[in-house]
Amino acid sequence: MSETAGGARLLPWTGTDDKPCYLIGDGTGYLSRVADNIESVQLGMAGELLDHAADMLADRKVTALQLRYLAARMTESLRDVHRIALSRGARLPVPAAPVLDGAGERGEPSAGA
């Protein structure tokens, strides 16, 4: 994934005191690749956790303690996935403003634009 020009990438891990970590670069360096790999692992683990949760919720013999443990792991996973979504969303290019014609309506870009 590439960084936006001059932008900072929110990394998929936190620093001291659970503070966010950012990377400034063009998105092609070693640390960007490490971050991409960690995001991939985190997303894969979230998918596996969802499958496990479905199995547990279908099992009527699951204890409250087991469900509490599941909820704790799902909270951690959701936090990771949320951070990934924020990071990727912040790196999306800003769409160009629509071209308005003289009447204030959207039109095709002019040949001179």
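Keep in mind it's a predicted model, so treat the numbers as computed, not measured. (Residues numbered from 1 in each chain as written. Predicted model: local features only at pLDDT ≥ 70, side-chain atom pairs only at ≥ 80, totals over all residues. Heavy atoms only, no water.)

1. Observations regarding the overall build of the protein
Defined as follows: Strands here mean DSSP runs of E at least two residues long; helices mean DSSP runs of H or I at least four residues long; both are numbered from the N terminus. The contact rule is simple, with two residues in contact once any of their heavy atoms fall within 4.5 Å. Here the accessible surface of atoms and residues is derived via Shrake-Rupley with a 1.4 Å probe, and residues count as covered only by protein chains that are part of the display.
Along the protein, the regular secondary structure elements total two helices and two strands. Shown N-terminal to C-terminal, the secondary structure of the protein runs as helices and strands in the order β-β-α-α. Look at the contacts in the protein between residues 6 or more apart in sequence, and 50% of them connect residues 24 or more apart. Here the protein displays about 8,400 Å² of accessible surface, and carbon together with sulfur accounts for 60% of that area.

2. Quick word on the confidence of the model for the protein
As a reminder, the rule being used: Every residue is assigned a pLDDT by the predictor, reflecting its confidence on a scale from 0 to 100.
Averaged over every residue, the pLDDT of the protein is 87; residues scoring 70 or more account for 83%. By mean pLDDT, the top-scoring element of the protein is helix α1 (residues 30–58) (97), and the lowest-scoring one is strand β1 (residues 8–14) (94). Ignoring residues within four places in sequence, the model shows residues 1–5, a span with pLDDT below 50, making 18 contacts including any to other chains.

3. Points about the packing of aromatic side chains
Cut-off, in case you're wondering: A pair of aromatic rings is counted whenever rings of Phe, Tyr or Trp (Trp by its six-membered ring) have centres within 6.5 Å, and the orientation is called stacked for planes under 30 degrees apart, edge-to-face for over 60 and tilted otherwise. A ring is considered to have a charge above it if a Lys NZ or an Arg CZ atom is located within 6 Å of its centre and within 35 degrees of its normal.
Scanning the model with the defined rule gives zero aromatic pairs in all. Positioned over the ring face of Y69 is R73, at 4.5 Å from the centre of the ring.

4. Digging into the pattern of salt bridges
Put simply, the test is: A carboxyl oxygen of Asp or Glu within 4 Å of a side-chain nitrogen of Lys or Arg is what we treat as a salt bridge. Exposed residues in this analysis have more than 50% of their type's maximum accessible area, buried residues have under 20%, and partly exposed residues fall in between, with area computed by a 1.4 Å probe over protein chains only.
A full pass over the atoms with the stated rule returns six salt bridges. As a salt-bridge pair, D36 and R9 come within 2.7 Å of each other at their nearest N and O atoms. Of this pair, D36 sits in helix α1 while R9 sits in strand β1; the two residues are 27 residues apart in sequence, bridging distant segments of the chain. Given the relative accessible area of 0%, R9 is considered buried. Notably, a salt bridge pairs E39 with R88, separated by 3.0 Å at the nearest N-O pair. A residue pair is termed long-range when its members are at least 10 positions apart, and E39 in helix α1 and R88 in helix α2 (residues 64–90) qualify at 49 residues. Relative accessible area serves as the criterion here: at 1%, E39 is assigned to the buried category. Overlapping salt bridges bring together R9, D36, E39, R88 and R91 as one network.

5. Here we look at the nonpolar core
Nonpolar side chains in soluble globular proteins generally cluster together in the buried interior. For the record, the criterion: Side-chain atoms within 4.5 Å link the members of a nonpolar core, which is a set of buried Ala, Val, Leu, Ile, Met, Phe, Trp, Tyr and Cys residues.
Judged by nonpolar contacts, L49, A53, M56, V62 and L70 together constitute the single largest core of five residues. Take this core: its biggest share by element is three residues, from α1. Excluding residues within four positions of it along the chain, L70 makes contact with L49, H52, A53 and M56.

6. Describing the pairing of β1
What counts is decided by this rule: By the convention used here, strands pair only if DSSP detects at least 2 bridges between them.
As paired strands, β1 and strand β2 (residues 20–24) are joined by four bridges and run antiparallel to one another. When the sheet's bridge partners are listed, A8 is paired in β2 with I24. Following β1, the chain reverses through five residues before pairing antiparallel with β2; D17 in that reversal takes a positive phi of roughly 60°.

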